[in-house]
Amino acid sequence: MSAPRHFLQFKDLSGDELDYLFERARIVKARFKSYLRHWPLQDRTLVMIFEKASTRTRLSFEAGMQQLGGSAIYLNTRDSQLGRGEPVEDAAQVISRMSDIVMIRTFEQGIIERFARHSRVPVINGLTNEYHPCQILADIFTFIEHRGPIRGKTVAWIGDSNNVCNTWLQAAEVLDFNVHVSTPPGYEVEGERAGLYGTDHFEQFADPMDAARGADLVTTDVWTSMGFEAENEERLRDFADWQVDAEMMRAAKTDAVFMHCLPAHRGEEVTADVIDGPQSVVWDEAENRLHTQKALMEFLLLGRVND
Ligand code: CP
Ligand code: NVA
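These notes cover the structure that comes with them. (Residues numbered from 1 in each chain as written. Chains lettered and ligands numbered in written order. Predicted model: local features only at pLDDT ≥ 70, side-chain atom pairs only at ≥ 80, totals over all residues. Heavy atoms only, no water.)

Structural notes on the pairing of strand β5 (residues 154–158)
In terms of residue burial, β5 counts as a mostly covered element, since 5 of its 5 residues are buried. The alternating pattern of β5 places Thr154, Ala156 and Ile158 on one face and Val155 and Trp157 on the opposite face, and all of these are buried. Note that β5 and strand β6 (residues 178–182) share 5 bridges and pair parallel. Directly across from Ala156, in β6, lies its bridge partner His180. Bridge count between β5 and strand β8 (residues 217–220): 4 bridges; the pairing is parallel. The residue of β8 that forms the bridge with Ala156 is Val218. (Buried < 20%, exposed > 50% of the residue type's maximum accessible area, 1.4 Å probe, protein only. Helix = DSSP H or I, 4+ residues; strand = E, 2+ residues; numbered from the N terminus. Pairing = 2+ DSSP bridges.)

Below you can see the structure in the form of structure tokens.
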């Protein structure tokens, strides 16, 4: 049995494979929009393990697997043995003998890595404290749809250097674009935690306006990620000047798009006029989770296909 391919962090896929996936997602999306049946994963089963809340990730994986002809099973910490201390390694052995592909949303990246080491089937990261690779697949696909290739472009990340930020930074290295990051003092990017190769694809700015200047895409995320709720009050104070507003969007290119992985907090990390305004592509971004993850599951199970 050959070792399964996993998608645990963005750099697990090469630039060439990502180019294939974006093109495949375009085809899979067009088929779905035309009501054409596309069942390459008929009789295959996806198991989704959630240790944190989700709307988009659960829905897009579950609907996506059904649309590919397969079925999806939802497990969460509360009502599976995972919440009662069954070792991750044992769970991986068992779950991967009964299914064809697994998606996990959990806390430390180490948990998903341990699971993957003991899994017979591909494992997909549906968000960890460190990374959210499926989100950035959808975000870049959305950028390509609206503005063409991302290579050489500039993304401005305003706010917390969290899982989504780390993933943008990895993507910049793999796909050769630039990220301007501005975080409050004390919340700066940690290169090692972000899993960077160390190439020169990002720059940190003390002033968020400087990060936004000339950007092709401005993006942000919640100030307090899941698992960090105890820091919420402190973060509300620390991040107050890192709100994406109309003035910040004006510093970016005139045709810059705004993205947010959602859920959003209007009046905190972004103003309502920006997220609900003409430059925002957040609903396309959310929808594209579905299409890109269908292309991803097909690729991890079947490799490149050209039907
Ligand atoms: N963006 C995202 O992953 O959303 P959910 O937390 O709703 O899955
Ligand atoms: N950074 C956020 C993303 C939610 C989709 C979190 O981890 O909670």
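A few points about the layout of surface pockets
Computed from the structure, the largest pocket encloses a volume of approximately 410 Å³. Forming the boundary of the largest pocket are 27 residues, of which Asp221, Val222, Met226, Leu262 and Pro263 lie nearest the centre. Listed by contribution, the elements that provide at least two residues to the lining of the largest pocket are α2 (56–67), α6 (163–175) and α9 (232–238). Here the lining of the largest pocket takes 3 residues from α9, the largest share from any one element. (1 Å grid on protein atoms, 1.4 Å probe; cavity = no way out; pocket = protein on both sides within 12 Å on 5 of 7 lines; lining within 4 Å. Points joined across faces, edges and corners; volume = space filled by probe spheres on them.)

Brief notes about the site of ligand 1
Neighbouring ligand 1 are the residues Ser54, Thr55, Arg56, Thr57, Arg105, His132, Gln135, Cys261, Leu262 and Arg289. In the environment of ligand 1, an oxygen atom lies 2.8 Å from a nitrogen or oxygen atom belonging to the side chain of His132. One nitrogen or oxygen atom from the side chain of Gln135 is found 3.0 Å from a nitrogen atom belonging to ligand 1. Calculation on ligand 1 without its partners gives an accessible area of 250 Å², and the protein chains cover 96% of this total. Counting atoms within 2 Å of the grid points, the majority share of ligand 1 lands in the largest pocket. Classifying every residue of the shell around ligand 1 by side-chain character gives 2 nonpolar, 5 polar and 3 charged. (Near = heavy atom within 4 Å. Polar contact = N/O pair within 3.5 Å; in protein donor to acceptor, adjacent residues only side chain to side chain. Areas by Shrake-Rupley, 256 points an atom, 1.4 Å probe, with all protein chains shown as cover. Sits in = over half its atoms within 2 Å of the grid points. Nonpolar A, V, L, I, M, F, W, Y, C, P; charged D, E, K, R; others polar.)

Considering helix α1 (residues 15–33)
With 19 residues, α1 should reach 27 Å at 1.5 Å per residue; the first-to-last C-alpha distance of 27 Å fits that figure. Inspection of α1 places Gly15, Glu17, Leu18, Tyr20, Leu21, Phe22, Arg24, Ala25, Val28 and Lys29 among the buried residues, and these make up the whole buried set. Tucked into the core, α1 has its buried residues touching α5 (133–147), α6 and α12 (282–302). One or two positions beyond α1, positive phi appears at Tyr35, with a value near 60°. (Expected span 1.5 Å × (residues − 1). Contact = heavy atoms within 4.5 Å.)

Some points on the sheet that holds strand β1 (residues 45–50)
The parallel open sheet is built from 4 strands, whose spatial order is β2-β1-β3-β4. In the strand order of this sheet, the two ends are held by β2 (71–76) and β4 (123–125), each with one partner. Averaged over all pairs of adjacent strands, the angle between their axes in this sheet comes to 20°, without regard to strand direction. Pairing of β1 with β2 involves 6 bridges; the strand directions are parallel. If you follow Thr45 over to β2, its bridge partner there is Ser71. (Axes fitted to C-alpha atoms, helices over the stretch in contact; angles between N-to-C directions.)

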